[in-house]
Amino acid sequence: MMSQSKRSLRRWLVLAFFFAALVQASPLIAADHAGVAPELWLPTPPGEEWRIIQGYACGTHNGWDRYSLDLVRVGGPSAGAPVRAAADGVIFVWARRSGTLILRHEGNLYTMYTHMQRAENPQIGRIVARGEVIGAVGDRGSPGIVHLHFTAFTAEGPWARNRRSVPLRFVEGYDLPEIGGCNQYGGKVLAAGNTPLSNVEGIGFTGAEIGRWYSSDVRIEFSGTAMTAGYRAAWEADPAGATPAMTTPNGSISLAEAGEGLHTLFVRGWDRNGQQTIATFGPIGYDITPPEPPPAMEPIFLKAGQTTPITWEPAGDAASGVAGYRIYIGNDPVGISEWFTPLPEIEAPPLAPGEHLLRVQPIDYAGNAGEWTTIARVVARP
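Residues numbered from 1 in each chain as written. Predicted model: local features only at pLDDT ≥ 70, side-chain atom pairs only at ≥ 80, totals over all residues. Heavy atoms only, no water.

**Let's talk about the nonpolar core**
The biggest cluster of nonpolar side chains holds 34 residues, and the ones touching the most others in it are L69, Y113, L168 and F170. For this core, the secondary structure elements donating two or more residues are β1 (49-54), β2 (68-73), β4 (89-95), β5 (100-104), β6 (109-114) and β10 (148-156). (Core = buried A, V, L, I, M, F, W, Y, C linked by side-chain atoms within 4.5 Å. Buried < 20%, exposed > 50% of the residue type's maximum accessible area, 1.4 Å probe, protein only. Helix = DSSP H or I, 4+ residues; strand = E, 2+ residues; numbered from the N terminus.)

Below you can see the structure in the form of C-alpha cells.
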C-alpha cells in the first residue's frame, strides 16, 4: 500500500534521526536506565472503534517496521481525529513532511505515529503524558488514504540506532503476537479504553493514571457495585477487616498520603449482601524532590573547532529517577538553554579557542527540575 510514499517516509525518518543527533535533542529516557518498557494503550480516541487496514508484514510493513498497524476510524472520517500518546514519554523527533512524531519511553522503547496532519507542540524533549493528545490523523507522506500508521520499536543509544519493531500488546486487552503470513490482523477492529483492566470485580478508579509519576498531589476516586455497603482502603497492603471502615458507596484518597515513592492502592469493598471484593490500583508514583546535580569535574581540555564527546557522572534521584539533562556551554556563569540529552553525555559542538563553562540541569521522570549547576570548565585549545 502506497510504496513510493512509504519509501519517501523512510528517507525522511533517516534525515529526522540524523537531525535529532546533530542537535543532541534526543529526549528523556537513558539507554542504561533501569526502568522496564511501559505498557501501551491504543493511540486512538477512547471508546471509538478503529479498523486495521494493513497489519504486520507484507505491503509496506516488511522492513524494520514489520510490526506496524495502519488504522482507520470505523463509521466516521479519520481525518482530524485526535492521536494520543500510547505511554508516558518525551518527544524524540517531529518530521513535518511525513507527519511523523516519535516518542521515547523507558526501557529503550519508542512509539511512532505517522501521516499526522499536525502535531501538538512538538518541541523536542517535551514530556508527554500517556493519553495526551499529540496530533491529528491525516495523510502527510501518504496522500489519498487518511490513516494513522503506528509502530513501537526498540533502539540503542542516544541516536536510536538498530531500530527493531516489536509485536504490539495493548492494555485494553489486545495481544497481537507474530502469527505468520501476510497482513496479520488486517480487518481486526480495536477500541481504546478509558480505565485500566486492573479495575476488577465492580470497583473502578479515576483521577490518576497507572504507571505515571506525579510531582503534585492527586486524589484517586473509587466506586462501584462491589462497594455499595462501604469499603476500606490502604496503601501497599490489603486493608483487612470484618466490617467496612467507611459506609459510603464511593471514596477517595490522596496520593501525597502515601509519601514519595512508587505505590499501589488496595480497596476492599462490601456489597449489600456482605460479599467482599478486593481491587488494586497501581503502581503510581509520587516524587516532589528535584534530582541532585552531578558532581563537579576536573577541567576538560579539547581541540578548538572540532566536535568532541563529553561525559559526566550521572545526577542522583531517589524516587522517579533521572530522565535527562538540559545543557549549556558558553561563557555566561548563569547561562541556561533548552538543549536536552537523555544521557550524561553530549557531542560538544566546535568551540572557539578559550575557556567555556559546562552547565547542566537534571530533570526526573516526574518533571521536577534540579538547579542549574556548573560542573566543569571546558578549555578549547587551538
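**Things to note about the packing of aromatic side chains**
Under the counting rule described, the total for this entry stands at 11 aromatic pairs. Aromatic pair W312 and Y325: ring centres 5.5 Å apart, planes at 90 degrees, arrangement edge-to-face. On the criterion of sequence distance, the pair formed by W312 in the loop between β23 (308-311) and β24 (322-330) and Y325 in strand β24 is long-range, its members being 13 residues apart. Each member of the pair, W312 together with Y325, is buried. Joined through ring pairs, the aromatic side chains of W64, F92, Y110 and F153 make up one cluster. Across the ring face of W41, the terminal group of R130 is positioned such that the distance to the ring centre comes to 3.7 Å. Over the ring of W64 we find R163; its NZ or CZ atom is 4.9 Å from the centre of that ring. (Phe/Tyr/Trp six-rings, centres within 6.5 Å; stacked < 30°, edge-to-face > 60°. Lys NZ or Arg CZ within 6 Å of the ring centre and 35° of its normal.)

**What to know about the sheet that holds strand β27 (residues 354-364)**
Taking strand neighbours across the sheet as the criterion, the five strands line up as β22-β28-β27-β24-β25 in an open arrangement whose pairing is mixed. Edge strands, defined here as strands with exactly one partner in the open sheet, are β22 (300-303) and β25 (339-341). This sheet shows a mean twist of 35 degrees between the axes of neighbouring strands, independent of strand direction. Summarising the sheet, β24 and β25 pair through three bridges and their orientation is antiparallel. Residue pairing in the sheet places R326 in a bridge with F340 of β25. (Pairing = 2+ DSSP bridges. Axes fitted to C-alpha atoms, helices over the stretch in contact; angles between N-to-C directions.)

**Digging into the sheet that holds strand β15 (residues 204-206)**
The three strands are arranged β15-β17-β19 in an open sheet whose pairing can be described as antiparallel. In the strand order of this sheet, the two ends are held by β15 and β19 (250-254), each with one partner. Strand-to-strand, the axes of this sheet are offset by a mean angle of 25 degrees, without reference to chain direction.

**Some remarks on the confidence of the model for the chain**
Low-pLDDT portions of the prediction should not be read for the details of their coordinates. Averaged over every residue, the pLDDT of the chain is 85; residues scoring 70 or more account for 88%. Within the model, pLDDT remains below 50 along residues 1-35, and this stretch shows 102 contacts once partners closer than five positions in the same chain are excluded. Below a pLDDT of 50 lies the segment residues 195-200, which in the model reaches 15 contacts outside its immediate sequence neighbourhood of four places, other chains included. (pLDDT = per-residue confidence, 0-100. Contact = heavy atoms within 4.5 Å.)

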